[in-house]
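One-letter residues, chain by chain:
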Amino acid sequence: MLKFCLVIDSERFISFGQINPRWNSWDKIKGKINSVVKRFRYNYDGFNIIYRSVLENKFPATFMLVGKFFKPINSPDFIDWGYHTHNHLPLTLLDDEKVKREIKNIYKAKSFCPPLWMVESERNPNRIFKMLEKESYKRVIYKGEDREHANKNNFAINPLIRRGKLDLIHVSNTFEGNSSKKYMSLLFKDIADNLEKDAVYCVCTHDFTHKNSHNLLKLISFLRRLERDKKIKISNVKNV
Ligand SMILES: [Zn+2]
């Protein structure tokens, strides 16, 4: 049976001030415009909308917290508090000392999501994983090998991938609070098309794109229907 998990990267507007190392010059211009209009287009407090919705629906979810802004809240067990580093920097481009500071497991989290999914560099694939192991993380969100400045990542629907003492969970898809109706239908279709797989379907989203709970609630009710029909098992990252 297909397993499903929802990951929410909780980072407010931190990425707007940062240059994504994979951007070309056109992307950089778009990034600057986005940063100027961020208060209109996005929601600094999107976290609250998502947190309230998953709590009300008792929906298992993993919040990956940027430590600079967030700390875990007392919550039921279906909420998993993971870590998304302290300052949201691309780990594969930092030296060991900086990586250590960024990933320090201050909340004793089991789950970890690397910013920009940059965790396995081509030149030194195990470096960051080894350091994550030392910090006692167990589960890491993964999007394939990373060629640093080249965008080589991909979506996949895989079983857990064992890497040393870690389990990697491959990102299967993403959606945002402002994704279109058509985009959401394609996401639902993709989930429905893969129900027979003995694998994990991992969907990631970002807190700051959610101005309302519309897309999230649609996703939750779609998945609950599949769950009632015993076609899917929903859990958080820690328990998947
Ligand atoms: Zn992020």
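Quick note: structure is the one above.
Described below are features of the structure shown in this document. Since the structure is predicted, the reported quantities are computational estimates derived from the model, not experimental observations.

**A closer look at the coordination of the zinc ion**
Here the zinc ion is held by the protein donor atoms E11 (OE), H84 (NE2) and H88 (NE2), which lie 2.0 to 2.1 Å from it. Site description for the zinc ion: donor spacing in sequence, E-x72-H-x3-H. Residue E11 is found in the loop between β1 (2–10) and α1 (25–36), and its partner H88 is found in the loop between β3 (79–83) and α4 (96–103); the two are separated by 77 residues along the sequence.

**As for the pattern of salt bridges**
According to the stated counting rule, one finds ten salt bridges in the structure shown. Ionic pairing is found between K30 and D27, a salt bridge with its closest N-O pair at 3.7 Å. Taken as a pair, K30 and D27 lie in helix α1 at a separation of three residues, close to a single helical turn. Through salt bridges with shared partners, a single network forms among R139, R162 and D167.

**A word on the nonpolar core**
If you look at the biggest cluster of nonpolar residues, it comprises 34 residues, and the most contacted ones within it are F4, L6, F63, I191, L219 and L223. Counting only elements with at least two residues in this core, the list comes to β1, α3 (46–56), β2 (61–65), β3, α6 (181–193), β8 (200–206), α7 (214–228) and β9 (232–234). No other element matches α7, which puts six residues into this core. Judged by nonpolar contacts, the second largest core, of 17 residues, contains V99, F112, I128 and L132.

**Concerning the side chain of H210**
Among the structural elements, H210 can be located in the loop between β8 and α7. A distance of 3.4 Å separates the side chain of H210 from the backbone nitrogen of G177, its partner in a polar contact. Among residues more than four places away in sequence, those in contact with H210 are N43, G46, I49, I50, F175, E176, G177 and T205.

Reading the values: the criteria
- In this numbering scheme, every chain counts its residues from 1 along its sequence in written order.
- In keeping with the model being predicted, local features are shown solely for residues with a pLDDT of at least 70 and side-chain atom pairs are shown and tallied solely at 80 or more, while totals for entire chains, interfaces and linings include all residues.
- Hydrogen atoms and water are omitted, and side-chain values are computed over all heavy atoms in the structure.
- Coordinating donors are taken as N, O and S atoms within 2.8 Å of the metal, stretched to 3.2 Å for Na, K and Ca; because water is absent from the atoms, sites can appear incomplete.
- Strands are runs of DSSP state E lasting at least two residues, helices are runs of H or I lasting at least four, and both sets are numbered from the N terminus onward.
- One speaks of a salt bridge when a side-chain nitrogen belonging to Lys or Arg is within 4 Å of a carboxyl oxygen belonging to Asp or Glu.
- Note on terminology: a nonpolar core comprises buried Ala, Val, Leu, Ile, Met, Phe, Trp, Tyr and Cys residues joined through side-chain atoms within 4.5 Å.
- Buried, partly exposed and exposed residues are distinguished by accessible area as a fraction of the type maximum, computed with a 1.4 Å probe on protein chains only: under 20%, between the cut-offs, and over 50%, respectively.
- We call two N or O atoms a polar contact when they sit within 3.5 Å, provided that within protein one can donate a hydrogen and the other can accept it, with sequence-adjacent residues counted only if both atoms are side-chain atoms.
- Pairs of residues are marked as contacts when any of their non-hydrogen atoms sit within 4.5 Å.

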